[in-house]
Amino acid sequence: MNKLIKLALLAVALCASVAANAEGKIAVLNAQQAIINTEVAQARLKALREESSYAENRKQLENLGKSYQDTVAQLQKDAAVMSTEQKQAEAKKIQEKRTDIEFVQRKLQTAEQQLLQAVAQEMAPKLQKAVSELIEAEGIGLLLNQQAAMHVDSSFNITAKVTDKLNQAK
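Just so we're clear, the structure is a prediction, and the values are computed from it rather than from any experiment.

Q: Pulling in residues and values, what's your account of the overall build of the protein?
A: Helix and strand counts for the protein come out as six helices and two strands. Shown N-terminal to C-terminal, the secondary structure of the protein runs as helices and strands in the order α-β-α-α-α-α-β-α. Here the protein holds 170 residues, and the buried ones make up 24% of them. In the protein, of all internal contacts separated by at least 6 residues, the share reaching a separation of at least 24 is 82%. Working note: accessible area of the protein is about 12000 Å², and carbon and sulfur atoms make up 55% of it.

Written out as structure tokens, the structure is:
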């Protein structure tokens, strides 16, 4: 463990010296967030959420959630007068409702993720161009993925600038 700490400290020291000697500035980017925040992605998400099948799934999720809460509340209220078998039957109903809720949530999340992946693929060339232009315009010598950084001051983050460029690139 002690060797790992020493190696980590050595790596940090090397990175710090490289950064200090590098020409240009350092910046971070969350490319996925830059794409999600674009007007195109937001408009498509809105359209997806307005589709009848998506809306039906949202309604189903709301109904399942309410039913789940009602069943839990009823069990808590009546538990003192219920037999062990009745408690087990109610617990099984609660678990089944929880499973149904998770299934519908996954369906909704999958639909959104698929849509965002399609938008990301479509916008990849524009993203590359926008990032290249910002690197050149701002004299960025090192661009890191935001998720790879342990701490980032917001002044180093160019995600919003990339989103703006993508919105302008229509």
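Q: Tell me about the confidence of the model for the protein, and name the residues and values.
A: Taken as a whole, the protein shows an average pLDDT of 87; of its residues, 86% reach a score of 70 or greater. Counting interchain partners and residues more than four positions distant, the pLDDT-below-50 stretch residues 1-22 has one contact.

Q: Any chance you could break down helix α3 (residues 39-50) for me, citing the residues and the numbers?
A: With 12 residues, α3 extends 16 Å from end C-alpha to end C-alpha; this agrees with the ideal 16 Å at 1.5 Å per step. Among the structural elements, α2 (31-36), α4 (52-78) and α5 (84-138) are those in contact with the buried residues of α3.

Q: Help me get a handle on the pattern of salt bridges, residues and values and all.
A: Should their charged atoms come close, side chains of opposite charge can pair. Following the criterion strictly, the structure yields nine salt bridges and no others. A salt bridge links E90 to K93, with the nearest nitrogen and oxygen atoms 3.1 Å apart. Residue E90 and its partner K93 are both found in helix α5; the two are separated by three residues, about one turn of the helix. Given a relative accessible area of 17%, E90 falls into the buried group. Each member of the salt-bridge network shares a partner with another, and the members are K25, E138 and K161.

Q: Can you explain the side chain of T159? Please cite residues and give values.
A: Within the fold, T159 resides in helix α6 (residues 159-168). The class of T159 is buried, set by a relative accessible area of 7%. Apart from the residues lying within four places of it in its own chain, the contact partners of T159 are V28, L29, N30, Q33, A34 and Q146.

Q: Residue-level account of the nonpolar core, with values.
A: Counting residues in hydrophobic clusters, the biggest one holds 26 residues, and the most contacted among them are L29, I35, L116, L127, I158, V162 and L166. Those elements that provide at least two residues to this core are β1 (25-29), α2, α3, α4, α5 and α6. When residues in this core are grouped by element, the largest group, 11 residues, is from α5. The contacts of L116, once residues within four sequence positions are left out, are I36, A41 and L45.

Q: Give a detailed account of the packing of α5 against α6, specifying residues and quantitative values.
A: Two elements in contact, α5 and α6, have axes separated by 9 Å at closest approach and are oriented at 125°. On the basis of their axis angle, the class for α5 and α6 is oblique. Here the hand of the crossing between α5 and α6 comes out right-handed. Contact with α5, carried on its side by M123, K126, L127, A130, V131, E133, L134 and E138, involves K161, V162, K165 and L166 of α6 and no other residues of that element. Looking at the contact of α5 with α6 residue by residue, the classes come out as seven nonpolar, no polar and five charged.

Q: Which residues make up the environment of T163, and what values go with them?
A: Within the fold, T163 resides in helix α6. For T163, a relative accessible area of 6% gives the class buried. Between the C-alpha atom of T163 and that of I36, which follows or precedes it by 127 residues, the distance is 8.5 Å. When residues no more than four places from it in sequence are discounted, the contact partners of T163 are Q33, A34, N37 and T38.

Q: Residues and numbers for the side chain of T38, please.
A: With respect to the element layout, T38 can be found in the loop between α2 and α3. Dropping the residues within four chain positions of it, T38 is found in contact with M123, T163, L166 and N167.

Q: Kindly report on α4, identifying the contributing residues and their values.
A: An ideal rise of 1.5 Å per residue puts 39 Å on 27 residues; α4 measures up with 38 Å between its terminal C-alpha atoms. Those residues of α4 that are buried are in contact with α3 and α5.

Cut-offs used in this document
Residue positions are given per chain, counting from 1 as you read along its sequence in written order. The model is predicted, so local features are restricted to residues of pLDDT at least 70 and side-chain atom pairs to those at 80 or more, both for listing and for counting; the totals for chains, interfaces and linings are taken over all residues. Excluding hydrogens and water, the side-chain values take into account all heavy atoms of the structure. Numbering goes from the N terminus for both helices and strands, where a helix is a DSSP run of H or I of at least four residues and a strand is a run of E of at least two. Residue burial is assigned from relative accessible area. The probe radius is 1.4 Å, only protein chains are included, and a residue is buried under 20% of its type maximum, exposed over 50%, and partly exposed in between. Residue contacts are counted whenever heavy atoms from the two residues lie within 4.5 Å of one another. Each accessible area is a Shrake-Rupley result for a 1.4 Å probe, and residues are judged covered by the shown protein chains and nothing else. Each residue gets a pLDDT score, which is the predictor's confidence in that residue and runs from 0 to 100. Between the first and last residue of a helix there are one fewer steps than residues, each counted as 1.5 Å, and that sum is the expected span. Whenever Lys or Arg places a side-chain nitrogen within 4 Å of a carboxyl oxygen from Asp or Glu, that contact is recorded as a salt bridge. Remark: nonpolar core denotes a set of buried residues (Ala, Val, Leu, Ile, Met, Phe, Trp, Tyr, Cys) joined through side-chain atoms within 4.5 Å. Angles run from 0 to 180 degrees between N-to-C directions of axes, and those axes are lines fitted to C-alpha atoms, restricted for helices to the stretch in contact. Should an angle lie under 35 degrees it is considered roughly parallel, over 145 roughly antiparallel, and from 65 to 115 roughly perpendicular; all remaining angles are considered oblique. Two helices cross in a left-handed way if the nearer one is turned anticlockwise from the farther one by less than a right angle. They cross in a right-handed way if the turn is clockwise. Under the convention adopted here, Pro, Cys and the residues Ala, Val, Leu, Ile, Met, Phe, Trp and Tyr are nonpolar, Asp, Glu, Lys and Arg are charged, and Gly plus all remaining residues are polar.

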